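So you can see what is in the structure, the chains are spelled out below.
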Amino acid sequence: MDLPRITDSHCHLDFPELETELGDVVVRAAEAGVRRMVTICTRLRLEPQVRAIAEAHAAVFYAAGTHPMSAADEPLATVGELVELAQHPKFVGIGETGLDYHYTAESAAIQQESLRIHIEAARQTGLPLIIHARDADDDMARILTEEHRAGVYTCVMHCFSSGAGLAQAALDLGFYLSMSGITAFPKSGDLRAIFSAAPINRILVETDAPYLAPPPHRGKRNEPAYVAHTARKAAETFGLDYPDFAARTEANFDRLFRKAAQWTG
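Since this is a predicted model, take the numbers as computed values, not measurements. (Residues numbered from 1 in each chain as written. Predicted model: local features only at pLDDT ≥ 70, side-chain atom pairs only at ≥ 80, totals over all residues. Heavy atoms only, no water.)

### Remarks on helix α2 (residues 22-31)
Link 1 in the chain: Along α2, the residues classified as buried are Leu22, Val25, Val26 and Ala29. End-on, the buried residues of α2 take up no more than an arc of 95°, which puts them together on one face.
Link 2 in the chain: For α2, the elements touching its buried residues are α1 (16-19), β2 (34-41), α3 (47-56) and β3 (60-64).
Link 3 in the chain: One or two steps after α2, the chain reaches Gly33, where phi turns positive at roughly 90°. (Buried < 20%, exposed > 50% of the residue type's maximum accessible area, 1.4 Å probe, protein only. Helix = DSSP H or I, 4+ residues; strand = E, 2+ residues; numbered from the N terminus. Arc of directions from axis to C-beta. Contact = heavy atoms within 4.5 Å.)

Right, here's the structure in full:
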């Protein structure tokens, strides 16, 4: 019987842990039912390498932006630069961008400036914004809401592991929440409760590979094939069987990442 099809909505295939055996990684993903992957460029100067991965593999799409932890170390992106990159047929999202005050709180001001630039690029392109948020719930909710009032855009809260307040703020704006391997950890009951209270039509799944591998691979290098483990646990969270959950999250991905859904290459 064919496995349910599923999408890894966020991974980093250019990172050295995966890049050295990329062909095998893509094959193993397909064998697990993972039919698509979105690989994320976190520093715009590396966009050509990430683009090349998407061009070389039919199942791979890509997005690009400046990660908030790098915002102080990299040249500030411009809206025009992001809009130009988005012309590529396999470029499907803006980011990841966001706020991270866990290790880099000292760069909060430049992170916020960078975030607003990425939001404007998402508005202009119609592509979804990909948000990284850590220890910055109040500022994140405030900026996302302010900017949405100034002009509508779409968004996914990638690898969501923040509080219920930020989850609700994002959902109120029509945004999506993405479940990573963290949601499959035994001690993540509180996080699963936040997800279980969200509408099923706003849920995506991801690996964030090579990080955050779900059980039974926890503590090891993550890869896109393992999103199936996260999704099976997530199906339990929503009281669904795995094929139903997979079909629903596929529909969600297609609705948010419309450019990937329309790809015919």
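### Observations regarding the pattern of salt bridges
As a working rule, side chains carrying opposite charge can pair if their charged atoms are close by.
Link 1 in the chain: Scanning all chains against the criterion turns up 20 salt bridges.
Link 2 in the chain: With a shortest N-O distance of 3.3 Å, Arg36 and Glu250 are connected by a salt bridge. One end of the pair, Arg36, is in strand β2; the other, Glu250, is in helix α10 (residues 242-256), with 214 residues separating them in the sequence.
Link 3 in the chain: Look at Arg36 and you get buried, because its relative accessible area is 7%.
Link 4 in the chain: Between Arg123 and Glu120 there is a salt bridge; the shortest N-O distance is 2.6 Å. (Salt bridge = Lys/Arg side-chain N within 4 Å of Asp/Glu carboxyl O.)

### Section: the environment of Val34
Link 1 in the chain: Structurally, Val34 is set in strand β2.
Link 2 in the chain: Dropping the residues within four chain positions of it, Val34 is found in contact with Ile6, Asp8, Ala29, Pro224, Ala225 and Val227.

### Overview of the sheet that holds strand β1 (residues 6-11)
Link 1 in the chain: Reading across the sheet, the 8 strands line up as β1-β2-β3-β4-β5-β6-β7-β8 and stay open at both edges, with parallel pairing between neighbours. Either end of the sheet is taken by a strand with one partner, and the two such strands are β1 and β8 (203-205). Taking the axes of each pair of neighbouring strands and ignoring which way they run, one obtains an average angle of 30° across the sheet.
Link 2 in the chain: Where strand β6 (residues 155-157) lies against strand β7 (residues 176-179), 2 bridges are found, and the strand directions are parallel. Paired with Val156 across the bridge in β7 is Tyr176. (Pairing = 2+ DSSP bridges. Axes fitted to C-alpha atoms, helices over the stretch in contact; angles between N-to-C directions.)

### Let's talk about the state of the cysteines
Link 1 in the chain: All told, the structure shown has 0 disulfides when counted by the stated rule.
Link 2 in the chain: We note that Cys155 lacks a disulfide partner, and the nearest cysteine sulfur, in Cys159, lies 14 Å from it.
Link 3 in the chain: Exposure remark for Cys155: the relative accessible area of 0% places this residue in the buried category.
Link 4 in the chain: Free of any disulfide, Cys159 has its nearest neighbouring cysteine sulfur in Cys11, separated by 13 Å. (Disulfide = S-S within 2.5 Å.)

### With respect to the layout of surface pockets
Empty space left among the atoms is revealed by rolling a probe the size of a water molecule over them.
Link 1 in the chain: Quantified by volume, the largest pocket comes out at close to 470 Å³.
Link 2 in the chain: Together, 19 residues line the largest pocket, and His67, Met69, His132, Arg134 and Asp208 are the ones closest to its centre.
Link 3 in the chain: Here the lining of the largest pocket gets 3 residues from one element, more than from any other, and that element is strand β5 (residues 129-134).
Link 4 in the chain: The residue inventory of the lining of the largest pocket, partitioned by class, reads 8 nonpolar, 7 polar and 4 charged. (1 Å grid on protein atoms, 1.4 Å probe; cavity = no way out; pocket = protein on both sides within 12 Å on 5 of 7 lines; lining within 4 Å. Points joined across faces, edges and corners; volume = space filled by probe spheres on them. Nonpolar A, V, L, I, M, F, W, Y, C, P; charged D, E, K, R; others polar.)

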